[in-house]
Amino acid sequence: MTNTTTWARVKSPWVLHFNSGACNGCDIEIVALLTPKYDVERFGVKLEPSPRHADVLLVTGCVTQQCAERLKRIYDQMPQPKFVVAIGACACSGGVFDGNYNVVGGVDKVIPVTAYIPGCPPRPEAILDGVVKLLNALNPPKQKKQKQLEPPKETKPVVSEPEVIVPSQEAKPVIEETKTNVKQ
Amino acid sequence: MSNSKIDIVSIVESKLKDKVQIQLGQLGNAAVNTSNGLHRDVVKVMLEADEKTAIVAITGLDLGANLGLLYHLRTSNAFITIRAEVPKDNPKIQTIVDLIPGAAFSELEVADLLGVVFEGNPSSGHFLLSEQWPEGIFPLRKDVKANEVKLNPPPPEGARTPEIGRQVKIIIGPQHPALLEPEKFAVTVDGEIVTKVEPRLGYVHRGIEKASESRTYLQDVYLVERICGICNACHAYGFVGTVEKILKTDVPPRAKYLRVVTLELNRLHSHLLTLGHAGLEIGYETLFQYFWRDREPIMDLIELTSGNRVYSSLMTVGGVRRDIRDTDIPRIKTTLEELRKKLPFYRQIYTNEASIKARMQNVGVLSRSDAIKLGMVGPVARASGYDIDVRKDEPYEAYGEIPFKEIVYTEGDTWARMNVRMDEVEESINIIDYALDHLPTGPFRIDAPRNVPIGEAVCRLEAPRGELFYYIKSNGTANPDRVKVRTPTFANLPSFLKTAIGESIADVPPNFVSLDPCFSCTDR
Ligand code: SF4
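What follows concerns the overall build of chain A. The helix and strand tally for chain A stands at seven helices and seven strands. Along its sequence from the N terminus, chain A presents helices and strands in the succession α-β-α-β-β-β-α-β-α-β-β-α-α-α. Counting the 184 residues in chain A, one finds 48% classified as buried. Considering only contacts within chain A whose residues lie at least 6 apart along the sequence, 79% involve residues at least 24 apart.

Okay, structure coming up:
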C-alpha cells in the first residue's frame, strides 16, 4: 500500500501554489510552467486549488505580516506527508525585501521548507529542475534497493555480454548518488 | 485632444487670486500652494472648468513639524499638484471624496501609513497594514523605526456572524484558485446577485516606499523594479525618469528609442498574459494555452534584448545599460511578424466567439462619467470612452516621434476592456517595428551625475495596465527623501467594486480579470 501511494505521489504530485507576498515575477514563471513550452504536466504535476488535496506547497515571495498566519494555516491543512518548496530569492531568504517593516522574512521563518529554488525569479527550467529533483528525493530508499537487486539476478546467466551491463550497473549508483546529494 | 484649449492654470489663478500661490512648471504643469481648507476650493474650480479633471494620487510627506499632502490631479491637457499642510499634532484635513469619489483609496492609504485624518472619509481599521499593527504608529513618518515595531498578538478568531435572511457572505481569498495573488474580497450575495464587495488589501504590502528611503538611488532602481514582476521595466523607467527630471539630464536619442522598445515588449508580454488569463477565468483553457504559447517568443525577445526573462535592470539614470546589436534586429522583426500573423485568429475569437461574447458582453459596464469620477486609467478607461493615454497626452521618450493609434472603445464592458488590449498588441508591434527601423545611432547612455540635488519631480508613463505615477523628493543626500508610487491597479480597483454590484456572482471572475489586476503593484 505504501509503495503504491509513494508511486502515485512521485508520478503525479499535486501542487498548491501560494503567493505569500511575491512580486508576481515568480508566480508568472510558475504559470508559464503549465503552458506548452515547459508543460510540467508531463511529469504528472497538477496544480491543485485546495490545500487539503495537495502534496507539495510551492511558496513564492517573502512572507508578509498579513500572510504569515495564513501560510501557516494552509500548511496545517495539508495532509501528511507534505513538502514545501520555496521558489525565488524572496521565499528563500526574504530577498531584497528582507528587513522591511511588513516583512517577516523567508518562508522557513514560518513553516519547514523541503527544497529551495533560488533566483529572482528562477527560470522556468530551474523550477522544473527543482521539482524533478524533489520528486526523485521522494523515492524512499526501499524502492531503490529493490531496483538495484533485480538487474544482477537477470544478468547472471548472460555471461557473454558483461560489457554492456556493467556500465549500466555502475551508472545507476552514480545517478542515485547525485540524487541524494541533491536532496541535501 | 478634445479640450486642449482649456487653460486650467489661469482659470485657477483668476478665480482664486490672492488665496493660493501658483508655482508654474513645478510637479507637472503647476503646483498650487494652499493653506488648510482651500484645497477643496481648487478642486471645485478645476472640476467646474474641465469635466475631465480626475485624481491621480495623493502623496503624503513628513516635513518635520507638519505633514504635507500633495493632491495630484489630471485634467484634459494638464497635470496639476495641489499642496496642503497639516500640523503633526493635529493632522486633520477635509476629505475630497465627496467631490472626487476616486480619491477614497488614496486617502485611506495616506491615513494608514502617515496618520493624516481625513474628515468625512472615516477609515475602519487598517487599509494596507496588518491587523496586528499597533494603533497610532505610522511607518512613513521619519521618526518611526518601522522594522522595530512590535506587533499586537493576533486577535482571536472571530465567531461567524449568523447570516441574516437571504444574504450570504462569500470570502474569496487570500488563497483562492481564481487569484494568483493573496488578497481578500468579501462578496455578499442575495441569491446569485452580488450586493456588496468589501476588499481587504495589504497582503503583499512589503513597505517598498519606506525601504527606498534607506537605499541609494542606484539600489532603488533594483528595488522599485521588484514592485511588479510583470511591468518591471515600467517601474524602473518611472523611477529613473523621475530622477532624470530632478537632475535635469536628457538621455541620448538612441536610449530613448531603446527604452521605447523595452517598454513596448513589456506591454506585449503583459497583454498576451492577460488575454490568456481571461480565457482561464471563463473556463476557456485552450485560449489560455494558446496565448501563453505565443507569449514565450516575446519572453525570448525580452531576454535577447535585455539579458533576462524578467528582471534585467535595463533602465539606468542616463540611458539604458545595454544596446541592441544590429544582428539581433532581424530576429526581433521575424518573431514579431510571426505574432502579427496570428493576431487575426485571436481577434476573431475575441470579437466573434460565442462563449466569449456570452461571458463578457454587458458584464461590468462602466460609464464614461464614472470612469472619470473614479479615476480610471489605461485600458479600463479607454474601454469606457475616456481617452487617456500618457503616450499621447504627454509623450515621453520617443513616443512623440512614433506614429500609433490610441485605442478607444465606448462599450465600457469586460468585452471592450479585453478588446482594447487585443488591439494594443498590434499597435505595440507597430511601435517596436517603427522604433527599430528608425533607431538613431550614437551612444545609448551618458554618465549622469551620481549626486542628486535637492528637488522634487513627478513622472507619468503608460504601463500595460494604465498610467503609472512616480513622485520623488530628494534632500541632497545619497538616499531619496520620499518615493511615492501610484500604480494602475490601485486606481482601477474602484471600477470592479462598483460594477460587480447588481450582477451575478458568476460574472465576478471575468469582470475582475478584465482590470488586469496586479496586487503586488497595488500594495507595494
Ligand atoms: S524572488 Fe524576485 S521575482 Fe520572485 S517574488 Fe522575489 S522579487 Fe519577485
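Time to look at the nonpolar core. All names here are of chain B. Ranked by size, the top nonpolar core spans 96 residues in total, and within it F239, L263, L268, F291, Y350, I356 and Y470 carry the most contacts. Those residues in contact with F239, other than ones at most four positions away along the chain, are Y217, D220, V221, V224, Y470, I472 and V483. One finds L16, I58, I93 and L201 within the second-largest nonpolar core, a separate group that totals 91 residues.

This part is about the site of the ligand. Near the ligand, the surroundings consist of A:A22, A:C23, A:G25, A:C26, A:G88, A:A89, A:C90, A:G119, A:C120, A:P121, B:R226 and B:Y311. With respect to the ligand, the chains having nearby residues are chains A and B. Counted by class, the shell around the ligand contains eight nonpolar, three polar and one charged residues.

Once that is clear, we can look at the sheet that holds strand β13 (residues 455-463) of chain B. Residues and elements named next belong to chain B. One open sheet holds the three strands; their spatial order is β13-β14-β15, and the pairing between them is antiparallel. The two strands at the open ends of the sheet, each matched to only one other strand, are β13 and β15 (480-486). Ignoring which end each strand starts from, the neighbouring axes of this sheet average 15° apart. Contacts from helix α5 (residues 217-225) reach β14 (466-474) and β15 within the one sheet, and its direction differs from that of β14 by about 155°.

Right, let's talk about the sheet that holds strand β4 (residues 66-74) of chain B for a bit. Residue and element names in this part refer to chain B. The strand order β1-β2-β5-β4-β3 describes an open sheet built from five strands, whose pairing is mixed. Both edges of this open sheet fall to β1 (21-24) and β3 (54-62), since each of them pairs with a single strand only. The mean angle between the axes of side-by-side strands here comes to 20°, regardless of whether they run parallel or antiparallel. The sheet contact formed by β1 and strand β2 (residues 30-33) spans four bridges and is antiparallel. Residue pairing in the sheet places Q21 in a bridge with N33 of β2. Sheet contacts for helix α2 (residues 38-49): β2, β4 and β5 (79-87); angle to β5, the most-contacted strand, approximately 160°. Against the sheet, helix α3 (residues 104-114) touches β3 and β4, its axis set at about 10° to β3.

Conventions used here
- Residues numbered from 1 in each chain as written.
- Chains lettered and ligands numbered in written order.
- Predicted model: local features only at pLDDT ≥ 70, side-chain atom pairs only at ≥ 80, totals over all residues.
- Heavy atoms only, no water.
- Helix = DSSP H or I, 4+ residues; strand = E, 2+ residues; numbered from the N terminus.
- Buried < 20%, exposed > 50% of the residue type's maximum accessible area, 1.4 Å probe, protein only.
- Contact = heavy atoms within 4.5 Å.
- Core = buried A, V, L, I, M, F, W, Y, C linked by side-chain atoms within 4.5 Å.
- Near = heavy atom within 4 Å.
- Nonpolar A, V, L, I, M, F, W, Y, C, P; charged D, E, K, R; others polar.
- Pairing = 2+ DSSP bridges.
- Axes fitted to C-alpha atoms, helices over the stretch in contact; angles between N-to-C directions.

Honestly, that's just the spatial picture; any functional story needs more than this.
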